[in-house]
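# Chains, contacts and geometry: an overview
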Amino acid sequence: KAGVTQTPRYLIKTRGQQVTLSCSPISGHRSVSWYQQTPGQGLQFLFEYFSETQRNKGNFPGRFSGRQFSNSRSEMNVSTLELGDSALYLCASSLAYRGTLGYGYTFGSGTRLTVV
Amino acid sequence: ELKVEQNPLFLSMQEGKNYTIYCNYSTTSDRLYWYRQDPGKSLESLFVLLSNGAVKQEGRLMASLDTKARLSTLHITAAVHDLSATYFCAVATNFGNEKLTFGTGTRLTIIP
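Residues numbered from 1 in each chain as written. Chains lettered and ligands numbered in written order. Predicted model: local features only at pLDDT ≥ 70, side-chain atom pairs only at ≥ 80, totals over all residues. Heavy atoms only, no water.

## Digging into unusual backbone geometry
Inclusion rule: Secondary structure elements are defined from DSSP: runs of H or I of at least 4 residues count as helices, runs of E of at least 2 residues count as strands, and each element is numbered from the N terminus.
Residue Pro8(A) is bonded to the preceding Thr7(A) through a cis peptide linkage, with omega at -10°. Here Pro8(A) lies in the loop between strand E1 (5–7) and strand E2 (10–13). Omega for the bond connecting Asn7(B) with Pro8(B) falls within 30 degrees of zero, at 0°, which places this linkage in the cis form. Considering the arrangement of structural elements, one finds Pro8(B) in the loop between strand E1 (4–7) and strand E2 (10–14). One non-glycine residue, Glu52(A), lies in the positive phi region at around 70°. Within the element layout of this structure, Glu52(A) appears in the loop between strand E5 (42–50) and strand E6 (53–57).

See below:
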């Protein structure tokens, strides 16, 4: 059974550029969440999508956006990159609404973004 | 705003010893998760705790949840080097809310 797939694994971008990260959830999972991990701020919630609708959003500027497609694959976009956006971006997928029934959330391997 | 506190932040322990990591959270929660992260890797799910008094065990790790005290513990028994990693607890609040709020993590180093 394939896990959560994130692409690309590594990315180097220049300040001011934009970037798009992709996440393919486990087959059958309809909820996809995104998290940013940095040494200083730890793991922070970005947003969550379910059935192509954004249901929750964290405290990040509007430069961070996302979407979900009908096949549950999700993308997140960061525009006008800043040095502080350098981080590991993790995607998590969940089987059911509210991550319920004890299945929890399965995380992908992440995309490490470096902004120079 | 939900706050999740983990302690200790760093823990060095000898093989064979027992220790406990604590996770306190500030508001009512219906779900608590424990994850492990190896350096440069993603998060590996360890336990999902859904109710007061829940206790789950896997190998040398045991997690428990006390929703009244808003406290979860991750107990390590007879530690072995392979358990060296960073451990995170994460809390979800309210039905319908998928947001996980993570603790700061506990970096565990097992010394032979």
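Once the structure has been displayed, the description carries forward.
## Overview of the sheet that holds strand E7 (residues 64–68) of chain A
Residues and elements named next belong to chain A. Basically, it comes down to this: One bridge is not enough; two strands pair if DSSP finds at least two bridges between them. Angles shown run from 0 to 180 degrees and are taken between the N-to-C directions of axes, each axis being a line fitted to C-alpha atoms and, for helices, limited to the stretch in contact.
Spatial strand order, E1-E3-E8-E7: four strands in an open sheet with antiparallel pairing. Either end of the sheet is taken by a strand with one partner, and the two such strands are E1 and E7. Strand-to-strand twist across the sheet, computed as the mean angle between neighbouring axes with direction ignored, equals 15°. Examined bridge by bridge, E7 and strand E8 (residues 74–78) share five bridges and lie antiparallel to one another. From the neighbouring strand, Gln68 faces E8, where its bridge partner is Ser74.

## Brief notes about the side chain of Thr101(B)
Just so we agree on the cut-off: Three exposure classes are used, based on accessible area relative to the maximum for each residue type with a 1.4 Å probe and protein chains only: buried under 20%, partly exposed in between, and exposed over 50%.
The topology assignment puts Thr101(B) in strand E10 (residues 100–102). Classification of Thr101(B) by relative accessible area gives buried; the value is 16%.

## Remarks on the pairing of strand E11 (residues 106–111) of chain B
Residues and elements named next belong to chain B. With burial as the criterion, only one face of E11 is covered, namely that bearing Thr106, Leu108 and Ile110; the residues Arg107, Thr109 and Ile111 on the opposite face remain uncovered. Sheet topology note: the E2/E11 ladder contains five bridges and is parallel. The partner of Ser12 across the bridge, within E11, is Thr109. Across three bridges, strand E9 (residues 85–92) lies against E11 in antiparallel orientation. Bridging across to E11, Thr86 finds its partner in Arg107.

## What about the pattern of salt bridges?
Residue and element names in this part refer to chain A. Rules: Just to be clear on terms, a salt bridge is a Lys or Arg side-chain nitrogen sitting within 4 Å of an Asp or Glu carboxyl oxygen.
Summed over all chains, the structure comprises six salt bridges over all chains. Between Asp85 and Arg63 there is a salt bridge; the shortest N-O distance is 2.8 Å. Placement of Asp85 in the loop between E8 and strand E9 (87–94) and of Arg63 in the loop between E6 and E7 is noted, with a sequence separation of 22 residues between them. With respect to class, Asp85 is no different from Arg63; both count as buried. With a shortest N-O distance of 3.3 Å, Glu75 and Arg67 are connected by a salt bridge. Look at Glu75 and you get buried, because its relative accessible area is 16%. Judged by its relative accessible area of 47%, Arg67 is partly exposed. Salt bridges linked by common partners bring Arg63, Glu82 and Asp85 together as one network.

## Let's talk about the sheet that holds E1(B)
All names here are of chain B. Read across the sheet, five strands follow the order E1-E3-E8-E7-E6 without closing on themselves; strand pairing throughout is antiparallel. Each edge of the open sheet carries a strand with a single partner, namely E1 and strand E6 (55–58). Averaged over neighbouring strand pairs, the angle between their axes works out to 15° when direction is ignored.

## Observations concerning the interface of chain A and chain B
What counts is decided by this rule: The criterion used for residue contact is that any of the two residues' heavy atoms lie within 4.5 Å. What gets called buried area is simply the loss in accessible area from a 1.4 Å probe that two parts show on being joined, summed for both. Amino acid classes used here: Ala, Val, Leu, Ile, Met, Phe, Trp, Tyr, Cys and Pro are nonpolar; Asp, Glu, Lys and Arg are charged; the rest, including Gly, are polar.
Counting residues at the interface gives 21 residues for chain A and 19 residues for chain B. Buried surface at the junction of chain A and chain B, both sides included, amounts to about 1,700 Å², of which 56% is carbon and sulfur. At the level of elements, strand E4 (31–38), E5, E6, E9 and strand E10 (105–107) of chain A are the ones that each hand at least two residues to the side of chain A that touches chain B. Per element, the largest residue contribution to the side of chain A that touches chain B is four residues, and it comes from E4(A). Classifying every residue of the side of chain A that touches chain B by side-chain character gives eight nonpolar, nine polar and four charged.

## Points about the side chain of Thr111(A)
Residue and element names in this part refer to chain A. Here is the rule: In protein, a polar contact means a hydrogen-donor-capable atom and an acceptor-capable atom, both N or O and within 3.5 Å, with residues adjacent in sequence counting only if both atoms are side-chain atoms; elsewhere, any N or O pair within 3.5 Å suffices.
Along the polypeptide, Thr111 turns up in strand E11 (residues 111–115). At 2.5 Å, the side chain of Thr111 and the backbone oxygen of Pro8 are in polar contact. Sequence-distant contacts of Thr111, defined by excluding residues within four places in its chain, comprise Gln6, Thr7, Pro8, Arg9, Leu21, Ala87, Leu88 and Tyr89.

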